[in-house]
Amino acid sequence: MKNVVWSGTWVAERLGVELVGDERLTELLGLALRRNPKRAHLLVSNVLGKHVPQLPSVVHGHGVALGRRVRDLLGEEDAGHAVVLGYAETATGLGHSVADGLGPVPYLHSTRRPVEGVARAGGFEESHSHATSHLLLPQDPALLAGDGPLVLVDDEFSTGNTVMNTIRDLHERYPRERYVVVALVDLRSPADLGRLEDFAQQIGARVDLVAAASGTVKLPEGVLEKGQELVARHETPVRHEEAHGTITRVDLGWPHGLPDGGRHGFTPEHRSRLERALPAMAARLARALPPGARRVLVLGFEELMYAPLRLARELEETVPAEVRYSTTTRSPVLAVDDPGYAIRTRIVFPAHDDPADGPGERYAYNVAGAGFDAVVAVVDSVADTPELHAPGGLLDRLAAHTPHVLLAVVPAHAPAPPPHGAASPERSAMLPEPLRGPAFSSYAPDEVGWLLQDLSNVTLEAPTEEREEAIQSGGAHYAESLPVEYQPSDQYQELFHAALETSATRLAQAVGVVTETVLAERSPRPVLVSLARAGTPVGVLMRRWAQHRHGLDLPHYAVSIVRGRGIDANALRYLADRYDPGDVVFVDGWTGKGAITRELAEAIREFEASDGITGFNPEIAVLADPGSCVRTYGTREDFLIPSACLNSTVSGLISRTVLRADLVGPHDYHGAKFYRELAGADVSVAFLDAVSARFTEVEEAVDLQAKELLAGDRTPTWEGWAAVERISEEYGIHDVNLVKPGVGETTRVLLRRVPWKILARAGAGADLDHVRLLAAQRGVPVEEVDGLPYTCVGLIHPRYTRGATGADGKAVAG
C-alpha cells in the first residue's frame, strides 16, 4: 500500500521543485533540503539505505536487479571480465550489490579515507558534494588495468559530471573499449541528455547507462536562495535527550583477513567467504537482541555500507522482528517532522574515525522517534574510538532513542605490507619499538623488550564461567578477553615460596642445560624470543645464564602466539628487520601436548608464504618437555616450575596476550595489560633472583648433562600427545583442547578455566601440593591414576554452561 502523502510534498509545495518522469520516481525518491550553500534540495532515496531506514532485502534487491540488467546488456562473456566501481560514500553498498547481481567480478569503491602506504590509482572531484575528494586505492594496482568493461555505480545520475570526470581520469591510465554507468535514477535534464554520448565519442569508447527509473527535476528560478531561506526559517537547535538505553558490544566473529568492503578491492573469493560466514555472524547478533524485540535497525557507518547491509539481510531471515537498515552520513540535511518531508528526525554526533579532513558533525536520519526496540551499530575498527563511546558520541545519542544499542565492530582492512626488501625502511618505521620496564612490566628494561601494544586502559576481563561458556560455544576465542587475575591466598603464597625454595636448584640446572644446548646447536649469539607470557621468565633466566657463564649480553624479546590464530606477524617483521632470522630462538616454559609447538611451525610456514621472509626456525627451546614434543629442552621430567603457580605476579605483572579485531589492527602488535595495581603482590624478580642465585652451584651438573643430551637421541616421540588423545576418549571428552597435561597446564586450568577433575600420577609428592590446594578451593576432585606419563593432567569441564558451576562457584559433576 502506497503512502497517502509523498515524502517530497513539503519541499515541492514550498520550493516549487517538481519531479517529473516515470511513475516509480515518487516511490523511489523523496525530497529534503540540504544545509549546503552549493545545492538547495536533496533527493532522498527510499531504497538506498542511507537516509531512510528500509528493509535490507529491498535495498540489496534493487542493486542485485540492476546488476542482472548489466549482465544481460554485456552478455555472459564480457560480464565475466567486468570490474565494478562504486562511489563513496553513498553508493558503496549499492555498488557491491550491483556486483552481486552481475556475477563473480571484483569490486572497488572510491574513498575519502587516505591510507598510508597505499598508492592512488586515480582520483576525482564531485562538485556539488559537501566533501569532494574521491580516492581510488586498490590493493592490487592491476585491478583497474584490465581491458574488460568498467561498470560505474552511483545512486543518481544528474549532470553526469562525476562519472565523466572518473572515466576521463581512468581512461588516460587504463584505456578500455566499454563503460557502463549504473544508477538507481537517471535525472538528467534535456540539456544534459546528449553529453554522455558526445563524451563517449571524444574518448573513443562505448558508454551505456542502466537505471531503475528516469525523469527530471524541475527547479524554479532562485531555488538556491529560497532553499537557504527555508533552511534558516525551519532550522531549530538540536535537543539532545538523556541516554537511558543499554550499550552492549557483540563479537561478530568476522573472518580473519576478510576485507570489510571494497575500499581496497573485494574479489569473488572474498564474497564467497562472506557468504559462508554470514549465517554464524547473524546468529550472534540474533542471540544478543533483547527478547521480544519487534523492530530492529542495523545502522552502518558512512562508507561502511555493504557489510552492515548483508548482516541486516541475514538477520532479516533469522529473527521474527522487522529489521530495517540505514547508515550514518556526513550529509548535513534539514529535518522537518512532517509526513510530506523525507527527513523527519536527525541525530547529531561528532565524527569518530579521525577523518583526514578534520573533525565535524555526523548524522543519523529517521532513527529518533522511529520506535526501534534495538539498534545494531556496525562500525569498522578505525572508527571504534573513544569519541564513539564518549558522552555525546554516536552510541550515547542512540541510547537516548532506543532501549538497546548493540555495537558490532568489523576489522578495518588494510592492504598487506609489501614483500621483504621491497619497502623495508617504510615498513620498519611503522613498527613501534618494544615496550620495556618499568613503564611496561616490572622487569628491568634490559631483561626483555615486549613486542606488544599496551592495552592497560581497556577493560578486557570477564568472569571465568562466562569466558568458558563463550569459548566452548564458539561465541568467542579465548584470546579475545582476559580472565580475572587470580589473587592467591596467604596459604597459597606460602606454598609458592616453599615450592621455589625446594625447586630452585633443579630449575637453575634446567635453565643452564637448555641455554648450553642453544649456544652449541643453534647460534653462538642467539636472539632469544620468548612466547609471552609463560616463556618470558624462562627467556630472562636463559639470558642471565648466558651472561653468568659466558659473558654474553643476548637480546631478548617477548612476542605473542595464540592457539588457532598463529604468531604475531608484525613482531616477526620487526625481528627480521634487525636480526638474521636464523639467530632467533623461540623460548617457552614447558610443553604439554605440543599444541603451541605445532601452532608455531604452521605460523612460520604461513609467514614465509605471505611475506617471503625465510630463516626462522620454528623449533621451540623449553625448560621442561614432559610431552616429548621438542629437541631442545632442559629436562623431560614433569616437575613443578613455580612460575606456573601464579599469573601476572610472576611474569612481570603482564597479562596473557590479547588478539581482538577491534583492538589489534593489521599493523599492530598483539596486546597485553600491565597490572601496575598488583605491584604489592609481585614476585617476578624474586623468582628470577632465587633461581639465578643457584647458577654457580649447578655449573658442573649442567656441563655433564648438556654433554650427554647433545650426544644422545632427542627426537620427539610425541608420547604426550598420544596420552592426551587416549585420556580424551577414556573420559568421554572427545576434545583434546579440554585435556591439559603436566603440572604447569593443570595449574592454568585451576587458575583460569572451569576445571572438571584432576588426574594425578599415583604416588606424586610435593610437586602437586599447590594443585591439591587449588583443587580443594574450587571443589574439584583429584583422581589418582596408575601409569600416567605426566605428574598430573587437568580436565576442563566438557559441554560447559554456567549451570555446570554451583551457586557457590564450585564445579559440579559433568
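Here, every reference points to the structure presented above.
Just so you know, these numbers come straight off a predicted model, no measurement behind them.

What counts and what doesn't
Residues numbered from 1 in each chain as written. Predicted model: local features only at pLDDT ≥ 70, side-chain atom pairs only at ≥ 80, totals over all residues. Heavy atoms only, no water. Helix = DSSP H or I, 4+ residues; strand = E, 2+ residues; numbered from the N terminus. Rg over C-alpha atoms; globule rule 2.2 N^0.38 Å. Buried < 20%, exposed > 50% of the residue type's maximum accessible area, 1.4 Å probe, protein only. Areas by Shrake-Rupley, 256 points an atom, 1.4 Å probe, with all protein chains shown as cover. Disulfide = S-S within 2.5 Å. Core = buried A, V, L, I, M, F, W, Y, C linked by side-chain atoms within 4.5 Å. Contact = heavy atoms within 4.5 Å. Salt bridge = Lys/Arg side-chain N within 4 Å of Asp/Glu carboxyl O. Phe/Tyr/Trp six-rings, centres within 6.5 Å; stacked < 30°, edge-to-face > 60°. Lys NZ or Arg CZ within 6 Å of the ring centre and 35° of its normal. Pairing = 2+ DSSP bridges. Axes fitted to C-alpha atoms, helices over the stretch in contact; angles between N-to-C directions.

> Describe the overall build of the protein, and please don't skip the residues or the numbers.
In terms of helices and strands, the protein carries 23 helices and 32 strands. Relative to the compact-globule value of 28 Å for 814 residues, the protein shows a C-alpha radius of gyration of 31 Å, a close match. Projecting the C-alpha coordinates of the protein onto the three principal axes gives extents of approximately 100 × 60 × 45 Å. A buried classification covers 60% of the 814 residues belonging to the protein. Summing over all exposed atoms, the protein offers an accessible surface of approximately 31500 Å²; the carbon and sulfur share of this is 50%.

> Go over the state of the cysteines, please, and point to the residues and values.
A full pass over the atoms with the stated rule returns 0 disulfides. Left unpaired, Cys 629 is separated from the closest cysteine sulfur, that of Cys 792, by 16 Å. For Cys 629, a relative accessible area of 3% corresponds to the buried category.

> Account for the nonpolar core, with residues named and values stated.
Judged by nonpolar contacts, the single largest core of 132 residues is most densely connected at Leu 33, Leu 144, Val 151, Val 182, Tyr 341 and Leu 398. Take this core: its biggest share by element is 7 residues, from strand β9 (residues 178–186). Ignoring sequence-local partners within four residues, the contact set of Leu 144 consists of Val 83, Leu 108, Ala 121, Leu 136, Leu 150, Leu 170, Tyr 174 and Arg 176. The next biggest cluster of nonpolar side chains, apart from the first, holds 106 residues, and it includes Leu 451, Ala 532, Trp 545 and Val 562.

> How would you explain the pattern of salt bridges if you had to name every residue and give the values?
All chains considered together, the criterion is met by 48 salt bridges. Residues Arg 549 and Glu 699 are paired through a salt bridge, measuring 3.9 Å at the closest nitrogen-oxygen approach. Here Arg 549, found in helix α16 (residues 535–550), pairs with Glu 699, found in helix α20 (residues 695–711); they are 150 residues apart in sequence, far enough to count as distant. Arg 605 serves as the salt-bridge partner of Glu 602, at 2.6 Å between the closest nitrogen and oxygen. One end of the pair is Glu 602 and the other is Arg 605, both in helix α18 (residues 595–611) and 3 residues apart, which spans about a single turn. Bridged by salt links that share partners, the residues Arg 35, Glu 235, Arg 346 and Glu 361 form one connected network.

> Could you give an account of the packing of aromatic side chains, naming the residues involved and the relevant values?
Scanning the entire structure with this criterion turns up 11 aromatic pairs. Ring geometry for Trp 10 versus Tyr 341: centroids 5.2 Å apart, planes at 80°, classification edge-to-face. With a gap of 331 residues between them, Trp 10 in helix α1 (residues 9–15) and Tyr 341 in the loop between β13 (322–328) and β14 (346–350) connect regions that are remote in the sequence. The exposure classification of Trp 10 matches that of Tyr 341, with both residues buried. An aromatic cluster of at least three residues, connected via ring pairs, comprises Phe 440, Tyr 443, Trp 450 and Phe 674. Sitting above the plane of the Tyr 574 ring, Arg 578 keeps its charged end 3.7 Å from the centroid. Looking at Arg 598, its charged tip hangs above the ring of Trp 718, at a distance of 4.5 Å from the centre.

> Residues and numbers for the sheet that holds strand β8 (residues 150–157), please.
Taken in spatial order, the 6 strands of this open sheet run β1-β10-β9-β8-β4-β5, and their pairing is mixed. With partners counted over all chains shown, the strands left at the sheet margins are β1 (18–21) and β5 (107–109), one partner each. Between one strand axis and the next, the sheet turns through 30° on average, direction left out of account. Across 3 bridges, the pairing between strand β4 (residues 83–86) and β5 is parallel. Of the residues in β5, the one forming a bridge with Gly 86 is His 109.

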